[in-house]
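# Summary of the model geometry
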Amino acid sequence: MAVTGRADLHAHTTASDGMYAPAEVVRRAKLAGLSAIAITDHDTVAGVEEAIAEGDRIGMMVIPGVEISTVTDHTDIHVLAYYTDNADPVWQNRLAWIGSARDRRNDEMLHKLQELGIDISIEDVREAAKGKKGSIGRPHIAEALIRMGVVADMKEAFARYLGSGAAAYVQVQSVTTTEALSWIREAGGVSVIAHPGLYGRDELLGRWAAEGAHGIEAFHSDHSAEDAERYQTFAANHELIITGGSDFHGEREGESYHGPLGSSGVELVVAEQLRRMAASMSSSN
Ligand SMILES: [Zn+2]
Ligand SMILES: [Zn+2]
């Protein structure tokens, strides 16, 4: 394998909230001049197989990945995982549990509303969410409550029922960052703290490094030059792999978000580091 070229280690597809099918993202990555692309959908590896098949067809290296939604002290933290063994049933179950966290929470909130005497069902919420992007959540429950005449507007829905501490509020029960790091390791994968610049919680990085995070995403579309510099230094001091990616989802009103494919990334040699790290873990199992 040639070790020159660029790799974008963070991209989404229609398997989660991206705009393009996995194969299309791979084709676009090639057109963008990249040598490798990682498919990292939110809490699912459903797009990986299609992406790899397209990569084989057009001659593009595709790195299997996933971006896990985790929580530390009420802060949402994303952890990228690469080269996990997606045939491992324990890992499959864990991923499914993480991916259904929001659905479970919706169910519990609807149950609380019903206990409060409001005759609302998941069908009412689905109806309210029709034609809207993204997964079903509190704004759609609020919309259903407005349509039913239970509340006057969104503000009242959150104040009385859905906001933190309100009558039907339920917190999302997701995996902790610490636990996710060990789940990824147990699945033979390489873990990378995604876009740390978006959390404002740099004090936590040392803990995750001690808990076995393998890398840190220093280069990201929403990172400043100072962010990239600071995280590269941190990685060097903690012997972490320095990764980067665009976090491409597609285009919204003509603008790529979080950035165009390849706009943030790393040298291809980093993709090789990830692969070797994963290989060394599976051989030590
Ligand atoms: Zn993210
Ligand atoms: Zn992402």
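Everything in this summary refers to the structure shown in the same document. All of these numbers come straight from a predicted model, not from anything done at the bench. (Residues numbered from 1 in each chain as written. Chains lettered and ligands numbered in written order. Predicted model: local features only at pLDDT ≥ 70, side-chain atom pairs only at ≥ 80, totals over all residues.)

### Digging into the overall build of the protein
Within the protein one finds eleven helices and eleven strands. Its C-alpha atoms give the protein a radius of gyration of 20 Å, within 12% of the compact-globule value 19 Å for 285 residues. For the protein, the spread of C-alpha atoms along the three principal axes comes to 65 × 40 × 40 Å. Counting across all 285 residues of the protein, residues that qualify as buried make up 42%. A separation of at least 24 residues holds for 67% of the contacts in the protein among residues at least 6 apart in sequence. (Helix = DSSP H or I, 4+ residues; strand = E, 2+ residues; numbered from the N terminus. Rg over C-alpha atoms; globule rule 2.2 N^0.38 Å. Buried ≥ 20, exposed ≤ 12 C-beta atoms within 10 Å, placed from the backbone. Contact = placed C-beta atoms within 7 Å.)

### Considerations on unusual backbone geometry
Backbone torsion omega between Tyr257 and His258 reads -5 degrees, so that peptide bond is classified as cis. Structurally, His258 is set in the loop between β10 (255–257) and β11 (266–267). At Tyr83, a position not held by glycine, the phi torsion is positive, near 60 degrees. Assignment of secondary structure puts Tyr83 in the loop between β4 (75–82) and α3 (89–99). The backbone of Glu253 sits at a positive phi, close to 45 degrees, despite the residue not being glycine. Looking at the element boundaries, Glu253 is found in the loop between β9 (250–252) and β10.

### As for the pairing of strand β7 (residues 215–220)
Regular strands show a simple pattern: their side chains alternate between the two faces of the sheet. Along β7, six of the six residues are buried, which leaves the element largely enclosed by surrounding structure. As judged from the two bridges shared by strand β6 (residues 190–193) and β7, these two strands associate in the parallel manner. For Val192, the partnering residue across the bridge sits in β7 and is Gly215. With helix α9 (residues 205–210) bridging β6 and its parallel neighbour β7, the resulting β-α-β unit is right-handed. (Pairing = 2+ DSSP bridges. Right-handed = clockwise from strand over helix to strand, strands pointing away.)

### Considerations on the packing of helix α1 (residues 22–31) against helix α2 (residues 48–58)
Two elements in contact, α1 and α2, have axes whose closest approach is 8 Å; the angle formed by their N-to-C orientations is 40 degrees. Compared by their axis directions, α1 and α2 come out oblique. In this structure, α1 crosses over α2, and the sense of that crossing is right-handed. Contacts from Pro22, Ala23, Val25, Val26, Arg27 and Lys30 of α1 reach α2 at Glu50, Ala51, Glu54, Gly55 and Ile58. (Axes fitted to C-alpha atoms, helices over the stretch in contact; angles between N-to-C directions. Parallel < 35°, antiparallel > 145°, perpendicular 65-115°, else oblique. Left-handed = near helix turned anticlockwise from the far one by under 90°.)

### Quick notes on helix α8 (residues 177–186)
For α8, the set of buried residues is Thr177, Ala180, Leu181, Trp183 and Ile184. An end-on view of α8 places all buried positions within 165 degrees of arc, on one side of the element. Residues of α8 that are buried make contact with β3 (61–72), β4, α3, β5 (175–176), β6 and α9. Just beyond α8, the residue with positive phi is Gly188, at close to 75 degrees. (Arc of directions from axis to C-beta.)

### What about the nonpolar core?
In this structure, Ile37, Ile63, Val79, Tyr82 and Leu274 are the most contacted members of the largest nonpolar core, which totals 58 residues. Contacts of Leu274, omitting those with residues within four sequence positions, involve Ile63, Tyr82, Tyr83, Val190 and Ile241. Residues Leu113, Val125, Ala128 and Ala142 belong to the second largest nonpolar core, which totals 14 residues. (Core = buried A, V, L, I, M, F, W, Y, C linked by C-beta atoms within 7 Å.)

### Side note on the environment of Asp119
Here Asp119 lies in the loop between α4 (101–115) and α5 (122–129). Separated by ten residues in sequence, Asp119 and Met109 have C-alpha atoms that sit 12 Å apart.

### Some words on helix α10 (residues 225–237)
When the terminal C-alpha atoms of α10 are compared, their 19 Å separation across 13 residues agrees well with the 18 Å that a helix rising 1.5 Å per residue should span. Of the residues flanking the end of α10, it is Glu239, one or two places downstream, whose phi is positive at about 55 degrees. (Expected span 1.5 Å × (residues − 1).)

### Details of the environment of Glu272
Mapping Glu272 onto the fold places it in helix α11 (residues 268–284). The exposure class assigned to Glu272 is partly exposed, which follows from the 15 C-beta atoms found within 10 Å.

### Thoughts on the environment of Glu267
Summarising the element assignment, Glu267 is placed in strand β11. Spatially, the C-alpha atom of Glu267 lies 37 Å from that of Val172, the residues being 95 residues apart in sequence.

### Details of the packing of α5 against helix α6 (residues 138–147)
Orientation of α5 relative to α6, taken along the N-to-C sense of each, is 100 degrees, at an axis distance of 8 Å. Taken together, the axes of α5 and α6 are roughly perpendicular relative to one another. Each of Asp124, Val125, Ala128 and Ala129 in α5 lies in contact with α6, whose residues at this interface are His140, Ile141, Glu143, Ala144 and Arg147.

### A short note on the pairing of β3
Counting buried residues in β3 gives nine out of twelve residues, a clear majority hidden from the surface. Note: β3 against β4, eight bridges, orientation antiparallel. The residue bridging Thr72 from the neighbouring strand is Thr75, located in β4. In this antiparallel pair of consecutive strands, β3 and β4, the connection spans two residues, and Asp73 shows a positive phi of 45 degrees. Of the strand pairs in this sheet, β3 and β5 are connected by two bridges, and their pairing is parallel. Bridge pairing in β5 places Val71 opposite Thr176.

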